[in-house]
Amino acid sequence: MRKKIIAGNWKMNKTPSEAAELAKLLKSKINAERADVVFCVPAIDIMPVGEIIKGSGIALGAQNMHFEESGAYTGETSVKMLKDAQVEYVILGHSERREYFGETSDDVNKKIKKALEHGIIPIMCCGETLAQRETGVTMEHVRIQVKAGFKGLVAEDAQKVVIAYEPIWAIGTGKTATSAQAQEVCAGIRKTIEELYGAETAQKIRIQYGGSVNGKNAAELFAMADIDGALVGGASLKEEFADIVSAAE
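This report concerns the structure included in the present document.

Conventions we followed
Residues numbered from 1 in each chain as written. Predicted model: local features only at pLDDT ≥ 70, side-chain atom pairs only at ≥ 80, totals over all residues. Heavy atoms only, no water. Helix = DSSP H or I, 4+ residues; strand = E, 2+ residues; numbered from the N terminus. Rg over C-alpha atoms; globule rule 2.2 N^0.38 Å. Buried < 20%, exposed > 50% of the residue type's maximum accessible area, 1.4 Å probe, protein only. Contact = heavy atoms within 4.5 Å. Areas by Shrake-Rupley, 256 points an atom, 1.4 Å probe, with all protein chains shown as cover. Lys, Arg positive; Asp, Glu negative; His and termini not counted. Charge placed at Lys NZ, Arg CZ, Asp CG, Glu CD. Salt bridge = Lys/Arg side-chain N within 4 Å of Asp/Glu carboxyl O. Core = buried A, V, L, I, M, F, W, Y, C linked by side-chain atoms within 4.5 Å. Axes fitted to C-alpha atoms, helices over the stretch in contact; angles between N-to-C directions. Parallel < 35°, antiparallel > 145°, perpendicular 65-115°, else oblique. Left-handed = near helix turned anticlockwise from the far one by under 90°. Polar contact = N/O pair within 3.5 Å; in protein donor to acceptor, adjacent residues only side chain to side chain.

In this section: the overall build of the protein chain. What the protein chain contains, in helices and strands, is 12 helices and 8 strands. Here the C-alpha atoms of the protein chain give a radius of gyration of 17 Å, agreeing with the 18 Å that 2.2 N^0.38 yields for 249 residues. Dimensions of the protein chain, computed from C-alpha atoms along their principal axes, come out at roughly 45 × 45 × 35 Å. Classification of the 249 residues of the protein chain by burial places 52% in the buried group. Taking as baseline every contact in the protein chain between residues at least 6 positions apart, the subset at least 24 positions apart corresponds to 72%. When the accessible surface of the protein chain is totalled, it reaches about 11,200 Å², and 50% of it is carbon and sulfur. Distance between charge centres in the protein chain, computed from 30 positive and 34 negative side chains, equals 2 Å.

All chains considered together, the criterion is met by 19 salt bridges. Note that Lys 11 is salt-bridged to Glu 96, the shortest N-O span being 2.8 Å. Here Glu 96 lies in helix H4 (residues 95-101) and Lys 11 lies in the loop between strand E1 (5-9) and helix H1 (16-29), a separation of 85 residues in the sequence. Look at Lys 11 and you get partly exposed, because its relative accessible area is 21%. Note that Asp 228 is salt-bridged to Arg 190, the shortest N-O span being 2.8 Å. Note that Asp 228 is positioned in the loop between helix H11 (218-222) and strand E8 (229-232) and Arg 190 in helix H9 (residues 179-197), a separation of 38 residues in sequence. A single burial state applies to Asp 228 and to Arg 190, both of which are buried. Taken together, the salt bridges that share partners define one network made up of Arg 2, Arg 190, Asp 226 and Asp 228.

Residues Ile 30, Phe 39 and Phe 150 are the most contacted members of the largest nonpolar core, which totals 68 residues. Sort the elements by how many residues they give to this core and H9 lands first, with 6 residues. Setting aside chain neighbours within four positions, we find Phe 150 in contact with Asn 109, Met 124, Ala 158, Val 161, Ile 163, Ile 193, Tyr 197 and Ile 205. Grouped together as the second largest cluster of nonpolar side chains are 12 residues, Cys 40, Ala 59, Ala 164 and Leu 231 included.

What follows covers the packing of H1 against helix H2 (residues 46-53). Remark: H1 packs on H2, axes separated minimally by 9 Å, with the N-to-C direction vectors making an angle of 25°. On the basis of the axis angle, H1 is roughly parallel to H2. Handedness of the crossing formed by H1 with H2: right-handed. Counting all contacts with H1, which are made through Pro 16, Ala 19, Ala 20, Ala 23, Lys 24 and Lys 27, the residues of H2 involved are Pro 48, Val 49, Ile 52 and Ile 53.

Looking at the secondary structure, you find Gln 63 in the loop between strand E3 (59-62) and helix H3 (79-84). Of note is the side chain of Gln 63, whose polar atom sits 3.0 Å from the backbone oxygen of Lys 11. Of the polar contacts made by the side chain of Gln 63, one reaches the backbone oxygen of Cys 40; its length is 3.2 Å. Apart from the residues lying within four places of it in its own chain, the contact partners of Gln 63 are Asn 9, Trp 10, Lys 11, Met 12, Cys 40, Val 41, Pro 42, Val 90 and Ile 91.

Read these as spatial facts, not as claims about activity.
Spelled out as structure tokens, the structure:
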């Protein structure tokens, strides 16, 4: 039985003081015993939020990292910095990083390997545009992203990675893939992992759905056989995030 994992992606929101207040509020509302809960916060908020959620069972997550451990990379954050700040998870390959900052699947692959090397769990994002869905190439596109992200990983490391399927057309739009659509792609992702590593690894890996997940649609999504939680955007900045966590329990 795979334990559900609910991660909030706060994106570029909340100053350190605002983040502290939100973390306090959500911590008071969330029971993190029956599902893994992660706050993925902006880099500047990692320290204050980490102090607030320490000992609560809620894990601290980052939204990105560089694939080099140090060096002349102005504005970047290294895996060693995240590890020292008690970060346990990191979102990698989000569609916004790919689209706005030119991240390639090769970059994502190198970041995944570096995170695993230092004991941080990657949440690797994949997903299609509306045009790709309408032309019927969703699964082909997602399979390519998954295979590229996992290139060179052995099964023992592969099963530690969390995959987040996020149809780009559903991110922040209020549109959500139906539970059947989300299940179809998540099942296809699991099949891809099975082809790469075998059934045992495929059954261990956790696959999230992301894209306008809220307190009303979460339970139906989580009832699907291959959906093991959610990567939550807008709703992770509200008390509603606690309702999503409750739906996973």
